[in-house]
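Chain residues, written in single-letter form:
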Amino acid sequence: MKELTCIRCPMGCVMSIEEKDGQFIVTGNTCPRGREYAVSEMTNPVRTFSVAVRVKGGDRGAVAVRVDGAVNKKYILPVADFARHMTLTAPVKEGQIIAENVLGSGANLIATAAVNGVER
């Protein structure tokens, strides 16, 4: 049995989930989203996240990038580490795809803001 707190709505239900004969038994949820979340956590736990990437030649030294969809938790640290070692060159456009299918995760990194180039 595993205990977890649902993050699908503001209720924050504390749930228990266990697998019996290939079926998941969830208790403690107050809505169907809780059951979906609990089963997902047991079978394919996913998250969305963002990370900063360095930018040279811009009006800012970094830009936040996000994944364009939920990715399996096992990819969070490797993708974040990949992004930490990147350096972009300005200009960067908001919504620009920075990297595609990073490390085979299925996630693209997308710039969340624009960074303008600076003439030197």
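Please refer to the structure higher up on the page.
So, a few notes on the structure that sits alongside this text. Just so it is clear, the model here is predicted, and its values are computed rather than measured. Position labels on residues start from 1 in each chain and follow its written sequence. In keeping with the model being predicted, local features are shown solely for residues with a pLDDT of at least 70 and side-chain atom pairs are shown and tallied solely at 80 or more, while totals for entire chains, interfaces and linings include all residues. Note that the side-chain values use all heavy atoms of the structure and ignore hydrogens as well as water.

1. With respect to the sheet that holds strand β1 (residues 2-5)
Thought 1: Strands are labelled as partners when DSSP assigns at least two bridges between them. Every helix listed is a DSSP run of H or I at least four residues long, and every strand listed is a run of E at least two residues long, numbered separately from the N terminus. Strand order in the open sheet formed by three strands is β1-β2-β3, and the pairing between neighbours is antiparallel. Each edge of the open sheet is held by one strand with a lone partner, namely β1 and β3 (23-27). Sheet twist, expressed as the average angle between the axes of neighbouring strands with direction ignored, equals 30 degrees. Every axis corresponds to a line fitted to the C-alpha atoms, with the helix fit spanning only the stretch in contact, and the corresponding angles, defined between N-to-C directions, vary from 0 to 180 degrees.

2. Topic: the sheet that holds strand β8 (residues 87-89)
Thought 1: In space, the five strands of this open sheet follow the order β8-β5-β6-β10-β9, with mixed pairing throughout. Whereas interior strands pair on both sides, the edge strands pair on one side only; in this sheet they are β8 and β9 (97-99). Ignoring which end each strand starts from, the neighbouring axes of this sheet average 45 degrees apart.
Thought 2: Along the sheet, helix α2 (residues 76-84) contacts β5 (50-56), β9 and β10 (109-111); its crossing angle with β5, the most-contacted strand, is approximately 15 degrees. Note on contacts: a residue pair is in contact if any heavy atoms of the two residues lie within 4.5 Å.

3. Examining helix α1 (residues 32-43)
Thought 1: The terminal C-alpha atoms of α1, which comprises twelve residues, lie 17 Å apart, in line with the 16 Å expected from a rise of 1.5 Å per residue.
Thought 2: Relative accessibility thresholds used throughout: buried, under 20% of the residue-type maximum; exposed, over 50%; partly exposed, between the two (1.4 Å probe, protein chains only). Those residues of α1 that fall on the buried side of the exposure criterion are Gly34, Tyr37, Ala38, Val39, Ser40 and Glu41.
Thought 3: The inward-facing, buried residues of α1 contact β1, β2 (14-20), β3 and β4 (46-47). Take the residue count of a helix, subtract one, and multiply by 1.5 Å to get its expected span.

Just geometry here; none of it tells us what the structure is for.
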